[in-house]
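Listed here are the chains, written in short residue letters.
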Amino acid sequence: MANLALIAQAAPWVFQIFFFCTGACLGSFFNVCIYRIPEGKSVVTPGSTCSCGQPVRWLDNIPVLSWFLLRGKARCCGAKFSIRYAVVELLTGLLFLASWQLYGLHNPPLAIGTMLLCCCLVPSVFIDLDHMLIPDIFSVGGAVMGVLFSCLYPQLHCIEGNGPGANFFSVMESLLGLFIGSAAIYWIGVLGEAALRKEAMGEGDVKLLGCIGAFTGWQGAVFSLFGGAFCGLLFLLPFIVIQKLRPPKSSGDETQSADTPTVGLGIHIPFGPMLAFGAILYLFLFKDLTDGYFQSVTENLRLLLRI
């Protein structure tokens, strides 16, 4: 650790470039997962291919850069491909870079744990946006990974020491986050289903919040749930207002399509991106503030119980 600190102080750009490039390369792999996993295809074979069936050359598969160098068009046939490929790669690289910049020097296990959680969140978000589902390999698999990582590195939950006691309390913190996160969103879904008389929360959302809690503890799970919901409401509110202010279409108006999207009560909206956004906000902006708040609330409750 001392050697890492010396290198980081002498040449900070070494780690910055390394973690950004690592994240961008993983983002390229996540693009494959986002496309193939919902269709039940292997993410290993075959290699990357163009829509015309031609294999993509390694020179045309450089994360982020290739899209701009090719101007969004395949070299072999000229077919356009979405800028989302570059967005996913850039987003993952930036999340890795931010994780290292924020936690790398004083708490490397927390930085690596944050990167691992981002590896679960990024593909989950885009698959949920496309298919309204979150594969278990990212939610359940991520939860298991979070508990195991907590067992090996108690620093993930800011627990000092490396003895059996520290490992035990770290695992308990992870499991508490997993169960509280899953239970909270599950019962919100049950109450919403009773009120709306239709499914209000998918099982994938329940598992994803459990995964978030396994890495962040119950404080992060609670913040991700309510913070993500609040940010989602702020994002959707303008669309709801515009929709309400728009004059109603007459029954004979052919411009009103039956497929015109609407936003409102009871409309299915993917909640996974909101949970992921809440988790990102917690980890990169509000972790200390949130943990301090919950700690003060817990201490006040203890004082009241003593009285």
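For clarity, every value in this text was computed on a predicted model and none was experimentally measured.

Q: Outline the overall build of the protein chain, supporting the account with residue identities and numerical values.
A: The helix and strand tally for the protein chain stands at nine helices and zero strands. Taken from the N to the C terminus, the helices and strands of the protein chain come in the order α-α-α-α-α-α-α-α-α. Burial analysis of the protein chain (307 residues in total) assigns 40% to the buried set. Sequence-distant contacts in the protein chain: of pairs separated by 6 or more residues, those separated by 24 or more amount to 66%. Roughly 17900 Å² of accessible area belongs to the protein chain as shown, and the carbon and sulfur atoms make up 68% of that amount.

Q: So, the nonpolar core: which residues are in play, and what are the values?
A: Residues L117, L121, I185, L209, I212, F271 and L275 are the most contacted members of the largest nonpolar core, which totals 53 residues. Looking at this core, the elements with two or more residues in it are helix 2 (12–36), helix 4 (84–103), helix 5 (108–131), helix 6 (136–152), helix 7 (164–196), helix 8 (203–245) and helix 9 (272–306). By residue number, the principal contributor to this core is helix 5, which donates twelve residues. When near neighbours in sequence (up to four residues on either side) are disregarded, L121 contacts L208, I212, A276, A279 and I280.

Q: Account for the pattern of salt bridges, with residues named and values stated.
A: Considering all chains together, one arrives at four salt bridges under this definition. For the salt bridge of E39 with K41, the shortest nitrogen-to-oxygen distance reads 3.1 Å. With relative accessibility at 44%, the residue E39 sits in the partly exposed group. Judged by relative accessible area, K41 falls into the partly exposed class, the value being 43%. Between D291 and K287 there is a salt bridge whose closest N-O contact spans 3.4 Å. Residue D291 and its partner K287 are located together in helix 9, separated by four residues, close to a single helical turn. Here K287 falls in the buried class, since its relative accessible area comes to 8%.

Q: Tell me what's going on with a nonpolar patch on the surface, and back it up with residues and numbers.
A: Where nonpolar side chains cluster on the molecular surface, the patch consists of I7, W13, V14 and I17 and spans about 370 Å² of accessible area. Element by element, the count of residues in the nonpolar patch is highest for helix 2, at three residues. Of note, W13 is situated in helix 2. On the basis of relative accessibility, which here comes to 51%, the residue W13 falls in the exposed class.

Q: Lay out the state of the cysteines in plain terms, naming residues and giving numbers.
A: Under the definition given, this model contains zero disulfides. Of all cysteine sulfurs, the one in C25 lies closest to C21, which takes part in no disulfide; the gap is 6.5 Å. Since its relative accessible area comes to 38%, C21 is described here as partly exposed.

Q: Can you break down the side chain of S170 residue by residue, with the values?
A: Among the structural elements, S170 can be located in helix 7. There is a polar contact of 2.7 Å between the side chain of S170 and the backbone oxygen of S150. Apart from the residues within four sequence positions on either side, S170 is in contact with S150, C151, Y153, P154, H157 and I159.

Q: Residue-level account of the packing of aromatic side chains, with values.
A: Within the structure shown, the criterion is met by 14 aromatic pairs. Between F15 and F19, the aromatic rings sit 6.5 Å apart at their centres with planes inclined by 20°, giving stacked as the arrangement. One end of the pair is F15 and the other is F19, both in helix 2 and four residues apart, which spans about a single turn. Classification of F19 by relative accessible area gives buried; the value is 9%. With a centroid separation of 5.2 Å and 80° between ring planes, the pair formed by W67 and F68 is classed as edge-to-face. W67 sits in the buried class, given a relative accessible area of 18%. By the ring-pair criterion, three or more aromatic residues cluster together here, those being F15, F18, F19 and W100.

Q: How would you sum up unusual backbone geometry? Please name residues and give values.
A: Here the residue pair T45 and P46 is connected by a cis peptide bond, since its omega of -10° sits within 30 degrees of zero. Note on placement: P46 falls in the loop between helix 2 and helix 3 (65–69). A positive phi angle is found at R71, which is not glycine, with a value near 55°. With respect to the helices and strands, the residue R71 is situated in the loop between helix 3 and helix 4.

Q: Can you lay out helix 5 for me, pointing to particular residues and giving the numbers?
A: If you check helix 5, its first and last C-alpha atoms are 35 Å apart, about what 24 residues at 1.5 Å a residue would give, namely 34 Å. Positive phi appears at M132, one or two residues downstream of helix 5, with a value of about 60°.

Q: Break down the environment of K73 for me, citing the residues and quoting the values.
A: Here K73 shows up in the loop between helix 3 and helix 4. On the accessibility criterion, K73 (41% relative accessible area) is partly exposed. Sequence separation of K73 and I83 is ten residues, and the distance between their C-alpha atoms is 10.0 Å. Not counting residues up to four positions away in its chain, the partners in contact with K73 are G78, A79, K80 and F81.

Cut-offs used in this document
Residues numbered from 1 in each chain as written. Predicted model: local features only at pLDDT ≥ 70, side-chain atom pairs only at ≥ 80, totals over all residues. Heavy atoms only, no water. Helix = DSSP H or I, 4+ residues; strand = E, 2+ residues; numbered from the N terminus. Buried < 20%, exposed > 50% of the residue type's maximum accessible area, 1.4 Å probe, protein only. Contact = heavy atoms within 4.5 Å. Areas by Shrake-Rupley, 256 points an atom, 1.4 Å probe, with all protein chains shown as cover. Core = buried A, V, L, I, M, F, W, Y, C linked by side-chain atoms within 4.5 Å. Salt bridge = Lys/Arg side-chain N within 4 Å of Asp/Glu carboxyl O. Patch = residues over 30% accessible without salt bridge, like charges linked within 9 Å, V, L, I, M, F, W, Y side chains within 5 Å. Disulfide = S-S within 2.5 Å. Polar contact = N/O pair within 3.5 Å; in protein donor to acceptor, adjacent residues only side chain to side chain. Phe/Tyr/Trp six-rings, centres within 6.5 Å; stacked < 30°, edge-to-face > 60°. Expected span 1.5 Å × (residues − 1).

Fair warning: the whole summary comes from geometry, so function is off the table for now.
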